[in-house]
Amino acid sequence: MGRFKTMFLGEGESYEYGALCMPTLPWKKGRKPINFYPLDEPLPLLLAGVMGLQHAFAMVGGLITPPYVVAKFTIDSFPFTKVELQQYMIVAALITSGICTIINVMKFQIPFSKRLFGRTLFIGSGLLSVMGTSFTFLPIFEISIRSMKADGIPGEEAYGKMLGTCMLCALLEVVFSLFPGKLLRKIFPPVVTAVTVTLIGIALTGTGMKYWGGGVVCAEMIWKEHAQVVESVGPTFEGFPVSNVPSAMCTGSAQVILPYGSAEYIGLGFAVLSFLVVIELFGSIFMKNCNVILALLFGYFVAGVSNYNGLPYVDTTKIEEAPVVDFLWTQWFGIGLYGPAVIPLLIAYIVTTVETIGDVTATHEVSELVTGDKEYSRRVQGSLMADAVCSILASLFTSMPNTTFSQNNGVIAMTKCASRRAGIATGIWLIIMGVFAKIAGIITSIPDCVLGGMTIFLFCNVLVSGITLFGELNMKSRRLRFISALSLSVGVGVTVWPWAFQDMRASSYTAAFWECADCSDTMKGVRNGVSIFLSTGYCVGSIIAILLNMILPEDPEEQQYYEEEPGRMDWSAIGQKSAYFGNKEGLEEIDEDDVEKAGEDEGVDAKETTSEEDEGAAAETEEPEAAVVETA
């Protein structure tokens, strides 16, 4: 009995469950510190389950949003009748993310990799680093599927073509995973990372505002409510101006149909944001880690007990009609290829490569691990390979590409738990949530305005991450300011107003930049590819930043900046995001060549081996394989 209790609950002062659930008293001083659980801590089952559930709750709102948005607003269309499709996409996303999280946390050695590549390669980082559906690919999926639907391709078939194209383009990240870390940092310096993440955040925040006001479709068709349009054309269908499909009236709240931006929609979305503030003030550690999903459920509750002239905001029939259990492949979309999306998707995989390097670095920091040694290089390589493999698996599992989730590093920082067992528990929880499809039924019944109140906060966190990255750059440098300003000017411009290069909804091949209604199918494909690239802000902005970084000479004051301020972390040494969670004083770049000379033992920082005598001794005892892996 005692052994079972130890296995289930643990023993000793290290396992205190009360601290996780005790509410916070705002402005109280002298709070008791929380115990830290390192990477290899053998957590008891209960604590592993609780910690894993926190990670699952922290990421579930983010990972289900892209597939749900694509299924409802892109594959489907007004009046959004394909509820089973929406629910299945959520199921597939949850199960896929659970499987990919377990792969990344456990870390598998690739057979025969040493013979083929001269060093041992891995799939997975071996850290508490979770995987989920990437927001980076959301704009590309939306624009590409709309373009294919405009050409007469059904939405489900268009989605299948995007899945196949994602599988092909994911091979680029496999190639990146074979690059030495030093080369990756030269290709994707911190200024490129900052520009890219900021532009992604701006694009997604705008999308969140569309949901908050009532829905994406009615937001983009709001021009139909313009007084001059109504006066010129007049209402043509039961009070709807101009035409009914697509409509400027929002239908994403069960039987309630109101114009975009109605006070009722704004109020329901604001309930979510208000509850986020309450949790931040009074919530326990557990509640703060789950703040997004708890606030969403609160907004859902408010919508459920409210009505508009007797009409409900929540459609409970979606819950009733959802199957009790579901799994992958109960719906199939085929696997195809869509040429115009190749270049934007390749750029998206470049973006996820940069983000993943930063996520691994941040996870190292909050896990209190050394950043810059050979084990760090192995974990970066394994994480990039996991990104590529899991994106390919996701397409086979009928889900969108997967990548590491940076927001979960905040969960590690707050809970002080970096144990791999919690990561494995996270994957198991996600699979369970996906298999029990009633959960998907609940999610699909949430009104769009409530979902918008959650997503605008969630999406803006990406923007804040980008701003944080700019804060770590020497913005007094003329070169960095020029690269940032020029790339952001174009990227933000086309994000705020993409119609210079992109067709407006329900107006295919009419953009004045390149009208192509009478073009051949081949030229339409080329034109769509150019349109997607130029109208996706982070695609065009990132490429501009990379090119400018390559051709503009470096300012002398850039290196001097870090020499004069030794407390500031040098992003060129370690990646992109770790300073967000706190600098470690005295951390310096460890060059791969120096690491190879140091011949460090497994898990020992190369900086400790400084004398020539120690270097020679280490070189004699080191395994041949390790010396090769260090240079990665």
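Use the structure listed above.
Rules used in this analysis
Residues numbered from 1 in each chain as written. Predicted model: local features only at pLDDT ≥ 70, side-chain atom pairs only at ≥ 80, totals over all residues. Heavy atoms only, no water. Helix = DSSP H or I, 4+ residues; strand = E, 2+ residues; numbered from the N terminus. Buried < 20%, exposed > 50% of the residue type's maximum accessible area, 1.4 Å probe, protein only. Contact = heavy atoms within 4.5 Å. Areas by Shrake-Rupley, 256 points an atom, 1.4 Å probe, with all protein chains shown as cover. Pairing = 2+ DSSP bridges. Axes fitted to C-alpha atoms, helices over the stretch in contact; angles between N-to-C directions. Parallel < 35°, antiparallel > 145°, perpendicular 65-115°, else oblique. Left-handed = near helix turned anticlockwise from the far one by under 90°. Nonpolar A, V, L, I, M, F, W, Y, C, P; charged D, E, K, R; others polar. Patch = residues over 30% accessible without salt bridge, like charges linked within 9 Å, V, L, I, M, F, W, Y side chains within 5 Å. Salt bridge = Lys/Arg side-chain N within 4 Å of Asp/Glu carboxyl O. Polar contact = N/O pair within 3.5 Å; in protein donor to acceptor, adjacent residues only side chain to side chain.

Moving on, we get to the overall build of the protein. Helix and strand counts for the protein stand at 30 helices and ten strands. For the protein, the residues scored as buried account for 56% of the 632 residues in total. For the protein, the share of sequence-separated contacts (at least 6 apart) that also reach a separation of at least 24 residues comes to 78%. Within the structure as shown, the protein displays about 26,200 Å² of accessible surface, and the carbon and sulfur contribution to it stands at 63%.

Before going further, it helps to spend a moment on the pairing of strand 7 (residues 256-259). Here strand 6 (residues 249-253) pairs with strand 7 via three bridges, running antiparallel. In the sheet register, serine 253 faces strand 7, and the bridge partner there is valine 256. Between strand 6 and strand 7, which pair antiparallel one after the other, the connecting turn spans two residues, and alanine 254 there sits at a positive phi close to 55°.

All right, on to the packing of helix 13 (residues 263-282) against helix 15 (residues 291-305) then. With their axes 8 Å apart at the nearest point, helix 13 and helix 15 run at an angle of 135° to one another. In terms of axis orientation, helix 13 runs oblique to helix 15. Handedness of the crossing formed by helix 13 with helix 15: right-handed. For the pair helix 13 and helix 15, contact is made by Leu268, Ala271, Val272, Phe275, Leu276, Ile279 and Glu280 and by Asn291, Val292, Leu294, Ala295, Leu296, Phe298, Gly299, Val302 and Ala303, respectively. Of the residues that constitute the contact of helix 13 with helix 15, the class distribution is 13 nonpolar, two polar and one charged.

Take the environment of glycine 201 next. In this structure, glycine 201 sits in helix 10 (residues 190-212). Each C-alpha atom, one on glycine 201 and one on tyrosine 538, is 9.2 Å from the other, the two residues being 337 residues apart in sequence.

This next bit is on a nonpolar patch on the surface. Together, Val324, Val325, Ile428, Trp429, Ile432, Phe436 and Ile439 make up a nonpolar patch on the protein surface, roughly 600 Å² of accessible area in all. A per-element tally of the nonpolar patch places helix 20 (residues 420-435) first, with three residues. When you line up the elements, tryptophan 429 lands in helix 20. Classification of tryptophan 429 by relative accessible area gives partly exposed; the value is 30%.

With that out of the way, let us pick up the side chain of threonine 426. Here threonine 426 is to be found in helix 20. Its relative accessible area of 0% is what places threonine 426 among the buried residues. At a separation of 2.8 Å, a polar atom in the side chain of threonine 426 contacts the main-chain carbonyl oxygen of alanine 422. Ignoring any residue separated from it by four or fewer positions in sequence, one finds threonine 426 in contact with Gly52, His55, Ala56, Met59 and Val130.

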